[in-house]
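If you want the building blocks of each chain, they are given just below.
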Protein chains: 2
Amino acid sequence: MVDQTSLGLRSLVKQDGSLELSLAQVTVSPPKNDEVIVRVEATPINPSDLGLLLAGGDVSSAKASGKGRQTVVAAPIAPAVMRALSARIGKSMPIGLEGAGVVTNAGPSPEAQALLGKTVSIFVGGMYGQLRKARAADCLVLPAGIKTEEAASAFVNPLTALGMLETARREGHKGLVHTAAASNLGQILNRLCQADGIPLVNIVRSEEQVQILKGLGAKHIVNSAQASFRDDLVSALKATGATLAFDAIGGGKLAGQILVAAGASAETYNMYGSSVHKQVYIYGTLDPGPIELTRGSGMAWGIGGWLLFHFLAKVGPDVEAQLKARVASEIRTNFASHYTRTISLLEALDPGVIAAYSRRATGEKFLINPSLAIE
Amino acid sequence: MVDQTSLGLRSLVKQDGSLELSLAQVTVSPPKNDEVIVRVEATPINPSDLGLLLAGGDVSSAKASGKGRQTVVAAPIAPAVMRALSARIGKSMPIGLEGAGVVTNAGPSPEAQALLGKTVSIFVGGMYGQLRKARAADCLVLPAGIKTEEAASAFVNPLTALGMLETARREGHKGLVHTAAASNLGQILNRLCQADGIPLVNIVRSEEQVQILKGLGAKHIVNSAQASFRDDLVSALKATGATLAFDAIGGGKLAGQILVAAGASAETYNMYGSSVHKQVYIYGTLDPGPIELTRGSGMAWGIGGWLLFHFLAKVGPDVEAQLKARVASEIRTNFASHYTRTISLLEALDPGVIAAYSRRATGEKFLINPSLAIE
């Protein structure tokens, strides 16, 4: 076997306060031992990828130069955002947390050889590229006949949704609240909660999103754009007993409103306010502005960051393996994802396309197919 | 033995949106079994007592009527504050979490009889009164010869300070941050951290408070009134490795600034920001306004309420007994409190005195002596 070359998307934060996106050609050496090489055919653009890809840059001012594989996109990054990026400056970063493809080469170990020609999902980063080397143990083999597009999103959203349920169980909550609930992740969470019999309060921001969730059979839907939002939320929390929320938005008042509503809906009350512990985990940054918490939920409350990688590190490899096995067996049902557009690596560098996928609009989800031709 | 009468301070939130403070006379029946009656001589006005006593009322508008034991004080409560008080409306509440006195009557059990004539500290609420019935097991017997004034504050601040250290140990933090650090509690915390060799970052708001802490031998003092505050805080966090803060203030930006500074000072960094868990517990409400958290501390962060009663319930009675035993043995050293003024129950109803003790100024601490004469 000989060295191969692979084009991959790179994100670079420069000292001068700019973001540079480009395609880099790298050499992929033959796989050793239990290594395999995957020809990547489907890798989603998740919100968590966007954060790393765009680094908070102002993509409305993005400018492209060069042609084909020499295309380079530049966009400015605000000084306040730059401060948080110091550890990234000057490092050309491969992007793409997860994806699926076909195993084209394998090292000599039996585990690697057994994967030759198989469609696998991997979750090792750097997926926005033509070839990705991985270890056989990192490959999730999906049911026979599955397309790479169906296998593309087997980790980030599925494990996040399962991680939310597992967190609720471990921390003793009876039900869940989810914001930005009509998202792809929110839809998976609805299917899982219905399957597992766990009450779920869905918070959305528009009537259109209410309808999406009704179509999925969601029972508790609260629209934050309604004047009755606060009362509706208290009623839904009372009906479900939910005391744990996962919030994708972050900035603004919503997380605090959930805590106060949970305090108001809790049955026990003493002179320090509700003594039932109420928790909000913020796992996204749809609004990067400050989080504003109004007091009034008593003293038994918490808010914090929630990151899939920290969760997996906490629960350990055995639980992680169990969760992945469930994803593999339910990939076409509970964990199905839908994409509104498939693009090539080169299209991912088009300022107009960047504007579209960076919008993160409800119902829109982009897939990159790195095997599509680049002139 | 016959019934006795006892005058005690009461706080009442009325449906019309007003606070009423008064003295109520109650009948105290003879102690049964393991009960004792304590003649209360010293009970502090802690910030946690003020919250229950004043219920967020506007004490600058307080008006007194009546004389002597018929004195009644009324103050308005803002509608927004009233909403959080619904469970209190119409309930005349006794006040005073802790205090000390002399056991004057005891039930027939040997444990109760053994306490007759002894100076004890109790932590059973309703201490702002002349007599308090308690169980023998609730009485902490202090070293011989101690004055009731020295025994008055044996629980709230000592157990809170010990609870902070215990929380740090249980959650795996190497050092602590404390805000409003020149307070009585902050001074106890400094003595304890020095005794136990735990690094402590003291955040204060004035040069006067810096001097108080220097006088106590504090090593890490950061003044939030200085322009260099942010950098000073990062340096102190780096020097100590502190990743857990206890904040008495609550409202405003400080809690968020601590999280961001802790993220900036942490040694490990990955693409999601610092992966070291950074935690702020808010245990007070010096500023009842909204808490504003700026993002920028990565995903491994948490903020939440911390209440001594929830902590004690969590650690269980054995740990609570250990902590109390330490308080008793170090009550004159590490856990010593100082008072700037001693008042009678009647003086506690004087609008001018209320204005003074509700200010919660650094270095000022009031003690009520309910055994002082009331005409």
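Rules behind the numbers
- Residues numbered from 1 in each chain as written.
- Chains lettered and ligands numbered in written order.
- Predicted model: local features only at pLDDT ≥ 70, side-chain atom pairs only at ≥ 80, totals over all residues.
- Heavy atoms only, no water.
- Contact = heavy atoms within 4.5 Å.
- Buried area = accessible area lost by both parts, 1.4 Å probe.
- Salt bridge = Lys/Arg side-chain N within 4 Å of Asp/Glu carboxyl O.
- Helix = DSSP H or I, 4+ residues; strand = E, 2+ residues; numbered from the N terminus.
- Nonpolar A, V, L, I, M, F, W, Y, C, P; charged D, E, K, R; others polar.
- Least-squares fit on C-alpha atoms with pLDDT ≥ 70 in both.
- Pairing = 2+ DSSP bridges.
- Buried < 20%, exposed > 50% of the residue type's maximum accessible area, 1.4 Å probe, protein only.
- Core = buried A, V, L, I, M, F, W, Y, C linked by side-chain atoms within 4.5 Å.
- Axes fitted to C-alpha atoms, helices over the stretch in contact; angles between N-to-C directions.
- Polar contact = N/O pair within 3.5 Å; in protein donor to acceptor, adjacent residues only side chain to side chain.

Visitor: Looking at this structure, how should I read the interface of chain A and chain B?
Guide: How big an interface is tends to be expressed through the accessible area that disappears when the partners come together. Contact residues are listed per partner, giving 36 residues for chain A and 36 residues for chain B. Carbon and sulfur atoms supply 66% of the area buried between chain A and chain B, which totals about 3,000 Å² over both sides. At the boundary of chain A and chain B, one finds zero salt bridges. Within the residue set of the side of chain A that touches chain B, elements represented by two or more residues are strand E15 (250-252), strand E17 (287-293), strand E18 (301-305) and helix H10 (308-315) of chain A. Looking at side-chain class alone, the side of chain A that touches chain B contains 22 nonpolar, 11 polar and three charged residues.

Visitor: What is the right way to read the relation of the copies chain A and chain B from this model?
Guide: What relates the pair of chain copies is a rotation about an axis plus a shift along that axis. Aligned on chain B, chain A shows an RMSD of 0.0 Å; the corresponding rotation is 180 degrees and the shift along the axis is 0.0 Å. Such a combination of turn and shift is consistent with a two-fold rotation axis. Taken as a fraction of all interface residues of chain A, those also at the interface in chain B reach 100%, which identifies the copy contact as same-surface.

Visitor: For this particular structure, what's the right way to read the sheet that holds strand E6 (residues 93-94) of chain B?
Guide: Strand pairing in a sheet relies on backbone hydrogen bonds. The paired strands run either parallel or antiparallel. Residues and elements named next belong to chain B. The strand order across the open sheet formed by five strands is E4-E5-E2-E1-E6, and the pairing between neighbours is antiparallel. Two strands lie at the open edges of the sheet, namely strand E4 (63-65) and E6, each paired on one side alone. Here strand E2 (residues 18-28) runs beside strand E5 (residues 72-76); their pairing, made up of five bridges, is antiparallel. By the bridge assignment, Ser-22 is partnered in E5 with Val-72.

Visitor: Is there a simple way to explain the pattern of salt bridges in this structure?
Guide: For side chains of opposite charge, pairing can occur when their charged atoms come near one another. The full count for this structure, using the stated rule, is 23 salt bridges over all chains. For the salt bridge of Lys-324 of chain A with Glu-320 of chain A, the shortest nitrogen-to-oxygen distance reads 2.9 Å. Here Lys-324 of chain A and its partner Glu-320 of chain A are both found in helix H11 (residues 317-329), four residues apart, which amounts to about one turn of the helix. Residue classification places Glu-320 of chain A among the buried residues on the basis of a relative accessible area of 19%. The shortest N-O distance in the salt bridge between Arg-359 of chain B and Glu-364 of chain B comes to 3.1 Å.

Visitor: Sorry, what's going on with the nonpolar core here?
Guide: A general tendency of soluble globular proteins is for nonpolar side chains to be buried together. Of all hydrophobic cores here, the largest spans 48 residues; its most connected members are Leu-233 and Ile-303 of chain A together with Leu-233 and Ile-303 of chain B. Setting aside anything within four residues of it in sequence, one finds Ile-303 of chain B in contact with Trp-301, Gly-302 and Ile-303 of chain A together with Ala-255, Gln-279, Val-280, Ile-282, Ile-291 and Leu-293 of chain B. Counting residues in hydrophobic clusters, the runner-up holds 41 residues, among them Leu-97, Ile-188, Ala-248 and Leu-323 of chain A.

Visitor: Would you take a moment to explain helix H1 (residues 47-54) of chain B for this structure?
Guide: Residues and elements named next belong to chain B. Within H1 the residues assigned to the buried category are Asp-49, Leu-50, Leu-52, Leu-53 and Leu-54. Tucked into the core, H1 has its buried residues touching strand E1 (4-14), E2, strand E3 (35-44) and helix H12 (351-357). Immediately downstream of H1, the backbone of Ala-55 shows phi near 50 degrees, a positive value.

Visitor: How should I be thinking about the environment of Gly-263 of chain A in this particular structure?
Guide: In this fold, Gly-263 of chain A is placed in helix H9 (residues 254-265). With 176 residues separating them in the primary sequence, Gly-263 of chain A and Ala-87 of chain A have C-alpha atoms 40 Å apart.

Visitor: Which parts of the structure should I look at to understand the sheet that holds E18 of chain A?
Guide: Strand order in the open sheet formed by 12 strands is E13(A)-E12(A)-E11(A)-E14(A)-E16(A)-E18(A)-E18(B)-E16(B)-E14(B)-E11(B)-E12(B)-E13(B), and the pairing between neighbours is mixed. Only two strands of the sheet have a single partner each, and these edge strands are strand E13 (220-223) of chain A together with strand E13 (220-223) of chain B. Taking the axes of each pair of neighbouring strands and ignoring which way they run, one obtains an average angle of 15 degrees across the sheet. Strand direction decides the pairing type here: strand E16 (residues 278-282) of chain A and E18 of chain A, joined by five bridges, are parallel. Counterpart to Gln-279 of chain A in the pairing with E18 of chain A is Gly-302 of chain A. Packed on one face of the sheet, H9 of chain A meets strand E11 (176-179), strand E12 (200-204), strand E14 (244-247), E16 and E18 of chain A and runs near 160 degrees to E16 of chain A.

Visitor: I keep staring at the environment of Ser-235 of chain A and nothing clicks. Help me out?
Guide: Relative to the helices and strands, Ser-235 of chain A is located in helix H8 (residues 229-240). Along the chain, Ser-235 of chain A and Val-222 of chain A lie 13 residues apart, while their C-alpha atoms are 9.7 Å from each other.

Visitor: Would you take a moment to explain the side chain of Ser-11 of chain A for this structure?
Guide: Residues and elements named next belong to chain A. Take Ser-11: it is sitting in strand E1 (residues 4-14). In terms of polar contacts, Ser-11 uses its side chain to reach the backbone carbonyl oxygen of Leu-52, at 3.4 Å. When residues no more than four places from it in sequence are discounted, the contact partners of Ser-11 are Leu-19, Glu-20, Leu-21, Leu-52, Leu-53, Arg-88, Lys-91, Ser-92, Met-93 and Ile-95.

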